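An overview of the molecular structure
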Amino acid sequence: MTETQQSILIVDDDTEICALLSIFLGRKGFRADSAHTSKDAEVLLARQSYDLIILDIMMPGEDGLQFCERLRRSDQTPILMLTALGEEVDRIQGLELGADDYLAKPFNPDELLARVKAIIRRTSPQKQSNTTYSFGAWRLNILRRELRRDDGTLVPLSSGEYALLEALARGGGQSVDRGTLMAQTRGREADPLDRTMDIQLSRLRKKLGDDAKEQRLIKTIRNSGYLLVLNEGDAA
Amino acid sequence: MVSVLIVVQVASVYFFFTDEDLVKTADITSGWLLHMIAWTSLTGVVMVAFAIWAAARVTKPFRNFSDAADRIGRGEMEEPLKEEGTAELVQASAAFNQMQRRIKRLIEERTRMLAAVAHDMRTAVTRLNLRSIEIESDELRAKIQSDITEMSQIMETALTFARDDSAKEPHQRVDVAALLKALTDDAQDIGDTVTYTGPDTLITSLKPISLHRAVQNLVSNALKYAGHADILLSVEAAILKITVSDSGAGIPEDQLDGMKEAYARLDASRSKNTGGLGLGLTIANDIVLSHGGSLTLANRTPRGLEATITLPL
């Protein structure tokens, strides 16, 4: 995949979790360091740079949210926030303070690995991406994972539809290839004859009111992939 | 209202008979008698009016008192009652305020305890999850990981119930048809048999996260007991109706009412194979109530169960 070994900083007050995560990530080809307080993390960050920081919110002293906010003033290292399930407020706050993604504790290790890879993949080529995109009469907020009409009405999407739409929006008005979209929409158990993406795409078009023939919002680019037509100002 | 009318009537009679021309022509005795009658009735009316006013003055604090008790009963915590009025009322208000403080403290303690338990449990389960990777046997590892998943689901359900998140979630404009379709699609994507029948779009104001959870709970029950769930959305006369039905065994008629109670389960043995804490319906019911709606359960003919959420539009 990559020539150089990627490095991850784990910040969690639970020493056992740090140790177990380091071993797990080490086996998956990453180099991991751990810190148990935000102070320790700063010392390590001053010494070297990391490809990703895994940051727990609940820590004694300065908590993960405060640290994330302070860090973002000078540092753009991607952050994966570890939150408690159901605590919506923490999640949104974390993302608004500059975290790149979140994962609820207790998490499945494979899920963590998938998130880690996804964040590194999307943050390495270009820096910080947008948090909201508008297209047609729609607005997508990727922090809140919400699709709304122009009048503010929330239109809930299934996980598959959402993943597809987010990947298309992140394309910034450029064509996104089928392989990338498939990687986003594929469930846990990958199907060799993957029709999932096509099903998700047709459902999504229906919800957006985008005619499959006219393709005003999602255009099929022959031999290349798909493109979401963003409104002026949102295109890259 | 009635007393005011009587006062006006009697007063007009009295002034009519005291009119100068009438007094001159009327017999003195009968004039005197009329005078007396008018005076007596006027006094009586004034006394009745005073009594009504005084009664209202005395009962008003009681009404405030019962209104406050009512609000607390509905879960709204509020400012302490003013300790005023008669000595008994002052005493009752003080006792009431003390009770309210105690309830508030108990709730705060419970919330703190839950947060602490939740944090420590999640940390331990996270560790367990990471440790499970070390298990070499694929079969054993898969089984242990599925146990861990079930454990954390039970824990999160109990916490959701205890935290009562739906009370805090604000209403917002939502396409409820899109919400139900998304729920259906998510279920189908993981291989469950769930169908949706209803309009493509239906915009209304509700609490999207909570309502999603309520319907999800009904769907999970149907899947657990019948292996499939059919969601139906309709609107009739400003009432929104979401029905989740299955064709499983249903629930014995005499147990239908009790099913919405916390920790109630069809098999009283709490046997493991049907799983769950028995909180799904209770949480769904709480959520629907917080929308001002109702949740009803009914058996279908020839077989199956139908759970209906009705919400005012």
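Residues numbered from 1 in each chain as written. Chains lettered and ligands numbered in written order. Predicted model: local features only at pLDDT ≥ 70, side-chain atom pairs only at ≥ 80, totals over all residues. Heavy atoms only, no water.

Here we come to the overall build of chain B. Broken down by element type, chain B carries eight helices and seven strands. Within chain B, buried positions represent 33% of all 313 residues. Nonlocal contacts in chain B, meaning residues at least 24 apart in sequence, comprise 60% of its contacts between residues at least 6 apart. For chain B, the exposed area adds up to about 18,700 Å²; of that, 61% sits on carbon and sulfur atoms. (Helix = DSSP H or I, 4+ residues; strand = E, 2+ residues; numbered from the N terminus. Buried < 20%, exposed > 50% of the residue type's maximum accessible area, 1.4 Å probe, protein only. Contact = heavy atoms within 4.5 Å. Areas by Shrake-Rupley, 256 points an atom, 1.4 Å probe, with all protein chains shown as cover.)

This part covers the confidence of the model for chain B. In this model, chain B carries a mean pLDDT of 82, and residues with pLDDT of at least 70 account for 84%. Every residue in residues 270-274 of chain B scores below 50 in pLDDT, and together they form nine contacts with partners more than four places removed in sequence or on other chains. (pLDDT = per-residue confidence, 0-100.)

So, about the packing of helix α6 (residues 176-189) of chain B against helix α7 (residues 208-226) of chain B. Residues and elements named next belong to chain B. Remark: α6 packs on α7, axes separated minimally by 11 Å, with the N-to-C direction vectors making an angle of 45°. For the element pair α6 / α7, the angle class is oblique. Viewed along their axes, α6 and α7 form a crossing whose handedness is right-handed. Residues Val176, Leu179, Leu180 and Leu183 of α6 touch α7, and the partners they reach there are Pro208, Leu211, His212, Val215, Gln216 and Val219. Broken down by class, the residue content of the contact of α6 with α7 amounts to eight nonpolar, two polar and no charged. (Axes fitted to C-alpha atoms, helices over the stretch in contact; angles between N-to-C directions. Parallel < 35°, antiparallel > 145°, perpendicular 65-115°, else oblique. Left-handed = near helix turned anticlockwise from the far one by under 90°. Nonpolar A, V, L, I, M, F, W, Y, C, P; charged D, E, K, R; others polar.)

Turning next to empty space enclosed by the protein. All names here are of chain B. All told, the structure shown has two cavities of 30 Å³ or more when counted by the stated rule. The volume enclosed by the largest cavity comes to roughly 70 Å³. Around the largest cavity sit Thr160, Phe161, Asp164, Asp165, Ser166, Arg213, Ile283, Asp286 and Ile287, which together line it. Residue assignment for the lining of the largest cavity shows that the elements contributing at least two residues are α5 (138-163) and α8 (280-290). The leading source of residues in the lining of the largest cavity is α8, at three residues. Looking at side-chain class alone, the lining of the largest cavity contains three nonpolar, two polar and four charged residues. (1 Å grid on protein atoms, 1.4 Å probe; cavity = no way out; pocket = protein on both sides within 12 Å on 5 of 7 lines; lining within 4 Å. Points joined across faces, edges and corners; volume = space filled by probe spheres on them.)

What follows is about the sheet that holds strand β6 (residues 132-135) of chain A. Residue and element names in this part refer to chain A. Taking strand neighbours across the sheet as the criterion, the three strands line up as β6-β7-β8 in an open arrangement whose pairing is antiparallel. A single partner strand is all that each edge strand has here, and the edge strands are β6 and β8 (146-149). When the angles between neighbouring strand axes are averaged without regard to direction, this sheet yields 20°. Where strand β7 (residues 138-141) lies against β8, four bridges are found, and the strand directions are antiparallel. Pairing of Leu140 across the sheet is with Leu147, part of β8. Against the sheet, helix α6 (residues 159-170) contacts β6, β7 and β8, and its axis sits at roughly 95° relative to β7. (Pairing = 2+ DSSP bridges.)

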